[in-house]
Amino acid sequence: MKKIITLLLSLFILQWANAQNDASKKTCDSLFNQGRIKYNNGRHEEAVKDFTAILNIDSKNKNALLQRGFCNTILKNFNEAVADFTSVIEIDPSHEWAYVSRGGAYNKLNQYQKAMDDFNKAIELKPEDAEAYNNRGFSKKAMGDFDGACKDWNKSKKLGNDEAKIILKNNRCK
């Protein structure tokens, strides 16, 4: 009889835990959609709150971390953006876009070597990433490597980045 009661209790607890997980997932999905709508409508501070609420439920939600990082970048909270993108990288070391995004935040913080390291890693992970080459060009320029910057912007242009055409012209690159 004790075995049956224990088995029934175990099944009840398992069912309860699954229901809690389902409720948490639905809450996170709802908050994520809400945050994306706010982000798309330029309400970045409000979106940060939604993504933070998700992270209070699931601290390893890399999509919420990435989106909060994007918001923090737009809000010029570059240190917070770096922390968010770093968390994404800790969860998924092959997340190429997290390296590009963190590198962009490092550029804004004038931490050009760290930015270069991130852009190099992004290019290692995805050699055809036009954005990584484009942003690495800005790091190189800031570090005094004008020829290297022009080379990266040319590579970005060849990979289809239309912005690189303007950058090349504005910087008088060949």
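Predicted, not measured: the structure shown is a model, and the values here were computed from it.

### Re the confidence of the model for the protein
Argument step 1. Of all residues in the protein, 87% have pLDDT values of 70 or greater, and the mean over the chain is 90.
Argument step 2. Scored below 50 in pLDDT, residues 16-20 makes zero contacts in the model with residues more than four places away or belonging to other chains.

### Points about the side chain of Arg68
Argument step 1. Within the element layout of this structure, Arg68 appears in helix H3 (residues 62-74).
Argument step 2. A residue is classified by how much of its surface remains accessible, and Arg68, at 18% relative accessible area, is buried.
Argument step 3. A distance of 3.1 Å separates the side chain of Arg68 from the side chain of Thr52, its partner in a polar contact.
Argument step 4. Aside from chain neighbours lying at most four places away, what touches Arg68 is Val48, Phe51, Thr52, Leu55 and Asp84.

### Things to note about the pattern of salt bridges
Argument step 1. Applying the stated criterion across every chain, the model contains nine salt bridges.
Argument step 2. Between Arg43 and Glu46 there is a salt bridge, with the nearest N and O atoms lying 2.8 Å from each other.
Argument step 3. Exposure remark for Arg43: the relative accessible area of 35% places this residue in the partly exposed category.
Argument step 4. With a shortest N-O distance of 2.8 Å, Lys62 and Asp92 are connected by a salt bridge. Of this pair, Lys62 sits in helix H3 while Asp92 sits in the loop between helix H4 (78-91) and helix H5 (96-108), placing them 30 residues apart in sequence.
Argument step 5. Among the ionic contacts, a cluster of salt bridges with common partners joins Arg136, Lys140 and Asp152.

What counts as what
- Residues numbered from 1 in each chain as written.
- Predicted model: local features only at pLDDT ≥ 70, side-chain atom pairs only at ≥ 80, totals over all residues.
- Heavy atoms only, no water.
- pLDDT = per-residue confidence, 0-100.
- Contact = heavy atoms within 4.5 Å.
- Helix = DSSP H or I, 4+ residues; strand = E, 2+ residues; numbered from the N terminus.
- Buried < 20%, exposed > 50% of the residue type's maximum accessible area, 1.4 Å probe, protein only.
- Polar contact = N/O pair within 3.5 Å; in protein donor to acceptor, adjacent residues only side chain to side chain.
- Salt bridge = Lys/Arg side-chain N within 4 Å of Asp/Glu carboxyl O.

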